[in-house]
Structure formats: structure tokens, C-alpha cells
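A look at the structure
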Amino acid sequence: MSKVLRIKSSFRGEEAFSAKLGDAIVAKLKEKDAEHSVIERDVANSDFPHIDGEIVGAMFTPQPDRTAEQQESAKLSDDAIEEVMDADIIVIDAPLYNFGIPSNLKAWIDHIAKAGVTFRYTETGPEGLVKGKKVYVAMASGGVYSEGDFAALDFVTPYLKTILGFLGMDDVTVFRVEGTAVPELKETALENGINSVEV
Ligand SMILES: Cc1cc2nc3c(=O)[nH]c(=O)nc-3n(C[C@H](O)[C@H](O)[C@H](O)COP(=O)(O)O)c2cc1C
């Protein structure tokens, strides 16, 4: 049995193409092993905050030295890191907004990227400390970014692969629902994306 952590980041909730693609990934994982447990965190439709001075100050204050307010401020970050460390498989729903990831998903990354905990600097350079995970990205975009003129404008895939790799998660597979805003593609975009899923 594996533990699956699902990160949702579209404000469109269950209607989102990225969420439907993420659902398909989780369904395929469960086909392989019905015992998989799934923890879901929706960073778009919850009070998941962007970092600020208070949160970062709390995150980097050692646990025993934190005030009661700092304990509260650091809790989301501590919990998010624990969920990542605890997972065997991570499924990240990632709609493309303005060529990049939604700011809520970036906020989640800002909460889990913590020097000394999820990565560290060594004499030979940085080392990711989140090891042994399999990551699937369920990407959705209005245009087509897997090939053609717009491929160079996909900052979702290179960014996620870079930051996740930096944290030690170097086994990342991206599936796409693309062309959701292109008249001749939008009717088949979801089906094509779901059919491409292999786990
Ligand atoms: C704020 C915002 C910005 C967007 N920017 C782009 C963009 O730069 N390029 C693009 O092809 N589609 C863009 N889209 C369209 C989304 O990528 C598309 O609707 C996608 O299906 C959203 O995923 P979701 O259904 O999972 O929410 C944008 C949508 C929103 C809401």
C-alpha cells in the first residue's frame, strides 16, 4: 500500500480540467493497488496563505523557541512538509495561468521548500532531502504547450521539474489536458489527456 498526496490548485474545484486529469491519475493508481490511501490538499479553495514575514519568521524559528502565535503561523508549513515527507506518490494538479503555475501552488511550494528540512547546502552544492517519491503533474492549459510555437512559453513544466528536483523529487511525469480554449481541440482535450495517463 502506498500513500498518495494530492495537491489541487485550480479555483474551479471539481470542474477543473486539471482536477479531472488528477482524478484519472489517482484512479489509475488505485486500479494498480486498491489499497492506496489518498490525502487531499486543495490550496486554491482553502485558507492556504501566501507566505509573509510572520510566516517565514515562524517557519525558521526552532520549535521550542516559537511563541504561541508563531506555532500557529508555522503549523501550515510544518503540516505541509510532513504530508510531503510521508507520501510515496504525489499528484499535483497544475492549471497554467499566465504561462506559469497558479500563485496558490507557488505558495504551497514556498511552504515546503525549507532549508535544513527539505533541502540543504553541502560542500558540494545543494542537496534535496525529499527522496524516493514519484510525482505526477496533471497540467491543464487553454493553449497547446507540448509542441509548436508555444512550447517555449510553458513555464509550468520546467519550473515544477526544477523546484521539485531541487528538493530531491527527480522522478516527475507530466500529463496534459491542453487546448481547453482552442475551438477545434476543446471537445477532445480532456479525453485525450485522460487517455494519455500511464502509471
Ligand atoms: C488567470 C488565468 C490565466 C490564464 N492564462 C493562460 C495562459 O497564459 N495561456 C493559456 O493557454 N491559457 C491560460 N489560461 C487558461 C487555462 O490554462 C485553462 O482554462 C485551463 O483549462 C485551466 O485549468 P483548470 O480547468 O484546471 O482550472 C488562464 C486561465 C486563467 C484563469
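The shown structure was predicted, so the numbers you read here are calculated from the model rather than taken from an experiment. For every chain, the first residue of the written sequence is number 1, and numbering continues from 1 onward in sequence order. In view of the model being predicted, local features appear only for residues whose pLDDT reaches at least 70, and side-chain atom pairs are presented and counted only at 80 or more, with totals across whole chains, interfaces and linings using the full set of residues. Side-chain metrics in this entry use all non-hydrogen atoms of the structure; hydrogen atoms and water are not considered.

Considering the environment of Glu187
Put simply, the rule is: Strands here mean DSSP runs of E at least two residues long; helices mean DSSP runs of H or I at least four residues long; both are numbered from the N terminus. Residue exposure (1.4 Å probe, protein chains only): buried if accessible area is under 20% of the type maximum, exposed if over 50%, otherwise partly exposed.
With respect to the secondary-structure elements, Glu187 resides in helix H6 (residues 186-195). Take Glu187: its relative accessible area is 67%, and that puts it in the exposed class. Each C-alpha atom, one on Glu187 and one on Asp110, is 35 Å from the other, the two residues being 77 residues apart in sequence.

Remarks on the side chain of Asp154
Applied cut-off: Nitrogen and oxygen atoms within 3.5 Å of one another constitute a polar contact, given that in protein one can donate a hydrogen and the other can accept it, and given that sequence-neighbouring residues count only through two side-chain atoms. Working rule for contacts: check all heavy atoms of both residues, and any pair within 4.5 Å makes them a contact.
Relative to the helices and strands, Asp154 is located in the loop between strand E6 (134-141) and helix H5 (156-166). A polar contact of 2.8 Å, which involves the side chain of Asp154, links it to the side chain of Thr157. Discounting residues that sit within four places of it in the chain, Asp154 has contacts with Leu96, Phe99, Met139, Tyr145 and Arg176.

Side note on the UniProt feature "binding site: FMN" (unreviewed entry) in the protein chain
Put simply, the rule reads: UniProt positions are given in the numbering used here, feature names are shortened, and annotations may be inferred rather than shown by experiment.
Here the UniProt-annotated "binding site: FMN" (unreviewed entry) positions come out as Ser10. Beyond its immediate chain neighbours, meaning those up to four positions away, Ser10 contacts Ala16, Ser18, Ala44, Asn45, Pro95 and Tyr97. Within the structure, the side chain of Ser10 is placed 3.0 Å from the backbone nitrogen of Arg12, a separation counted as a polar contact.

So, the site of the ligand
Where we set the bar: A molecule or strand has a residue near it when one of that residue's heavy atoms lies within 4 Å. Method for areas: the Shrake-Rupley scheme with a 1.4 Å probe, in which residue coverage is limited to the protein chains shown.
Close to the ligand lie 17 residues; Ser10, Ser18, Leu96, Asn98 and Gly143 are nearest. Note that an oxygen atom of the ligand is positioned 2.6 Å from one of the side-chain N or O atoms of Ser10. The side chain of Thr180 places a nitrogen or oxygen atom 2.9 Å from an oxygen atom of the ligand. For the ligand, the protein covers 74% of the area, taking 640 Å² as the surface of the free molecule. Among the elements of the structure, helix H1 (17-32) and E6 are those that each provide at least two residues to the shell around the ligand.

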